[in-house]
Amino acid sequence: MKKQVVVIGAGASGMTAAIFAARAGAETTLLEHRDRPGKKLLSTGNGKCNLSNRRLEAQCYRSGDPGFPMEVIRGFPLKRTLDFFEGLGVVVKDRDGYLYPRSGQASSVAEVLRRGLRDSGVCLETNCNVRGVRTSGEAAAGHFAVLTDAGMLEADAVILACGSKAAPATGSDGSGYGLAESLGHTIIKPLPALVQLRCRENFYKQIAGIRIEAGVSLWSGGERLAEDQGEVQLTDYGISGIPVFQISRFAARALDEKKKVTARIDFFPGMPESRVRDMLRERAARRPQGAMEEFFTGWLPDKLSRFFLKYLGIRGERPASSLSKRELKALAGVIRAFETEIAAVNSFDHAQVCCGGVDVREVSSRSMESKKQKGLYLAGELLDVDGICGGYNLQFAWSSGAIAGMHAGVWGRGVKT
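Reference entry: report on the structure contained in this document. This structure is a prediction, so every number in the text was calculated from the model and none was measured.

**What to know about a positive patch on the surface**
Taken together, the side chains of K48, K93, R95 and R102 present a region of like positive charge at the surface. With respect to the helices, strands and loops of the structure, K93 is situated in strand β5 (residues 92-95). For K93, a relative accessible area of 38% gives the class partly exposed.

What follows is the structure, encoded as structure tokens:
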């Protein structure tokens, strides 16, 4: 008799889980509340789908259990992930360790996964809303009734792969948290991550549109929460760009705890402030009669340099030779550590992922089975795991989905991964 497996959620982890459950011999049904599976995949990697990354390390992930993400990935590592996609027909392109489909199209990854569902015999039900999951409550039984708006499905195992609350336009509505909670799991409050930061000051419209290599660090109560470096974007409401995304989850958590959070932007990352002061003095000495409004030309974006002068009360028509030691120090200070207060993170609508979710201490990293309910498996963004930009969240989706599917799909004590 075939094992009956129901997978809830047809995103990256859910489609992967369904394929592996079916390959393990289970009669597998995949439920998706939107009209088409894999919609969120289409927006990943700016539409190119950054599948994974050659550099998979613990510091690339954040979780309530720091070791959990890499334990999962070691159970289904990069080589097996690439073998899986190559078997589906994807030719992988390596760009400095960042892995993409050679087609350059996220749509092709979604399509081969849909083809993988068909080839594996998975029954895909779209436009199907899950209202609840009931269990017999017997520890050894693991028998479930999945209640949908189209009726009830019985299952020997259920895989929750419903996603998070991030990017709800793609179908991530957070419904999986309620399902997991109803089955005994603890939910760590989900908050937006990999998202832009909104700043309290009202001058950002003056500098909006600037893109510049910079370092960004987050501070609260004298403690540095996180830092990163790369191309920072100044927007009309605050700061954005990859380095801002990388540290945003720490701002979200601290703000949720009602802490004051500030960011320091280093427009000359890695250079000591004393060296910046020396460079300012040398520049003033070379063109002592040059107007301050032209002082930074070729060094900083004009819009930014004009803002710095206005911010410090230095008139643009003044000659460079008139700068005092105090003014040189102040200029070096704003270049090296411009401080701004973070008022909020952008909403779930703008977030790529969430921090928070199902407490991973209640889930086996070896099998993705719940420690609270036998026969229940969890995968992907529903869990309290969030990776940095660069293919890390998708790799966790592939690994957790594959492991959940392999173990849910077989009778008995599971399989070696």
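Resuming the write-up.
**Details of the sheet that holds strand β2 (residues 27-31)**
With parallel pairing, 5 strands are arranged side by side in an open sheet as β7-β2-β1-β11-β20. The open sheet terminates on both sides in strands that have one partner only, identified here as β7 (123-125) and β20 (376-378). Across the sheet, the mean angle from the axis of one strand to that of its neighbour is 20°, orientation sign disregarded. Examined bridge by bridge, strand β11 (residues 157-160) and β20 share 3 bridges and lie parallel to one another. Within β20, the position partnered with I159 by the bridge is Y377.

**Regarding the packing of aromatic side chains**
For the structure on display, the rule yields 19 aromatic pairs. A connected cluster of aromatic rings, assembled from ring pairs, spans F203, Y204, F267, F307, F308, Y311 and F338. A cation over an aromatic ring shows up here: K3 above the ring of W411, its NZ or CZ 5.7 Å from the ring centre. Looking at R249, its charged tip hangs above the ring of F250, at a distance of 5.3 Å from the centre.

**Looking at the packing of helix α8 (residues 273-286) against helix α10 (residues 325-336)**
The packing of two helices is summarised by the inter-axis angle and the distance between the axes. Look at α8 against α10: their axes get within 9 Å of each other, and the N-to-C directions meet at 125°. It follows from the interaxial angle that α8 and α10 lie oblique. Crossing of α8 over α10 shows right-handed handedness. Along its contact with α8, which presents E273, V276, R277, L280 and R281, the element α10 presents L328, K329, L331, A332, G333, I335 and R336.

**Some words on the sheet that holds strand β16 (residues 238-240)**
Overall, antiparallel pairing links the 6 strands, which are arranged β13-β16-β15-β14-β17-β18 in a closed barrel. Between one strand axis and the next, the sheet turns through 45° on average, direction left out of account. Bridging between strand β14 (residues 211-220) and strand β15 (residues 223-234) involves 10 bridges; their strand directions are antiparallel. Opposite V216, over in β15, you have D228 as the bridge partner. Against the sheet, helix α7 (residues 242-256) makes contact with β13 (197-199), β14, β15, β16, β17 (261-266) and β18 (338-345), and its axis sits at roughly 140° relative to β15, the strand it touches most.

**Focus on helix α11 (residues 392-408)**
If you check α11, its first and last C-alpha atoms are 24 Å apart, about what 17 residues at 1.5 Å a residue would give, namely 24 Å. Burial analysis of α11 places 17 of its 17 residues in the buried class, which makes it a mostly covered element.

**Side note on the pattern of salt bridges**
The final tally for this structure, using the stated rule, is 22 salt bridges. With a closest N to O distance of 3.1 Å, D35 and K39 form a salt bridge. With relative accessibility at 47%, the residue D35 sits in the partly exposed group. Judged by its relative accessible area of 26%, K39 is partly exposed. In this structure, the salt-bridge partner of D94 is R54, at a minimum N-O distance of 3.0 Å. Separated by 40 residues along the polypeptide, D94 in strand β5 and R54 in the loop between β3 (52-53) and β4 (61-63) bring together distant segments of the chain.

**Topic: the environment of I403**
Its place among the elements puts I403 in helix α11. Measuring from C-alpha to C-alpha, the distance between I403 and G104 comes to 27 Å, with 299 residues separating the pair along the chain.

**A closer look at the side chain of S365**
Inspection of the secondary structure puts S365 in the loop between β19 (353-358) and β20. At 2.9 Å, the side chain of S365 forms a polar contact with the side chain of E71. Discounting chain neighbours no more than four positions away, the residues touching S365 are F68, E71, V72 and I403.

**Details of the nonpolar core**
Ranked by internal contacts, the top residues of the largest apolar core, which has 138 residues, are I8, L41, L113, L160, I239, L280 and I335. Counting residues per element, this core draws most heavily on α11, at 10 residues. Aside from chain neighbours lying at most four places away, what touches I8 is L31, V130, V133, V146, V158, I159, L160, A161, C162 and L179.

**Considering the packing of helix α1 (residues 12-23) against helix α4 (residues 106-120)**
The geometry of α1 relative to α4 is characterised by a closest axis approach of 9 Å and an angle of 25° between their N-to-C directions. The orientation of α1 relative to α4 falls into the category roughly parallel. Considering only the axes of α1 and α4, their crossing is left-handed. Packed against α1, whose contacting residues are M15, T16, A18, I19, A22 and R23, the element α4 presents L113, R114, G116, L117 and S120 at the interface.

Rules behind the numbers
Residues numbered from 1 in each chain as written. Predicted model: local features only at pLDDT ≥ 70, side-chain atom pairs only at ≥ 80, totals over all residues. Heavy atoms only, no water. Patch = residues over 30% accessible without salt bridge, like charges linked within 9 Å, V, L, I, M, F, W, Y side chains within 5 Å. Areas by Shrake-Rupley, 256 points an atom, 1.4 Å probe, with all protein chains shown as cover. Salt bridge = Lys/Arg side-chain N within 4 Å of Asp/Glu carboxyl O. Lys, Arg positive; Asp, Glu negative; His and termini not counted. Charge placed at Lys NZ, Arg CZ, Asp CG, Glu CD. Helix = DSSP H or I, 4+ residues; strand = E, 2+ residues; numbered from the N terminus. Buried < 20%, exposed > 50% of the residue type's maximum accessible area, 1.4 Å probe, protein only. Pairing = 2+ DSSP bridges. Axes fitted to C-alpha atoms, helices over the stretch in contact; angles between N-to-C directions. Phe/Tyr/Trp six-rings, centres within 6.5 Å; stacked < 30°, edge-to-face > 60°. Lys NZ or Arg CZ within 6 Å of the ring centre and 35° of its normal. Parallel < 35°, antiparallel > 145°, perpendicular 65-115°, else oblique. Left-handed = near helix turned anticlockwise from the far one by under 90°. Contact = heavy atoms within 4.5 Å. Expected span 1.5 Å × (residues − 1). Polar contact = N/O pair within 3.5 Å; in protein donor to acceptor, adjacent residues only side chain to side chain. Core = buried A, V, L, I, M, F, W, Y, C linked by side-chain atoms within 4.5 Å.

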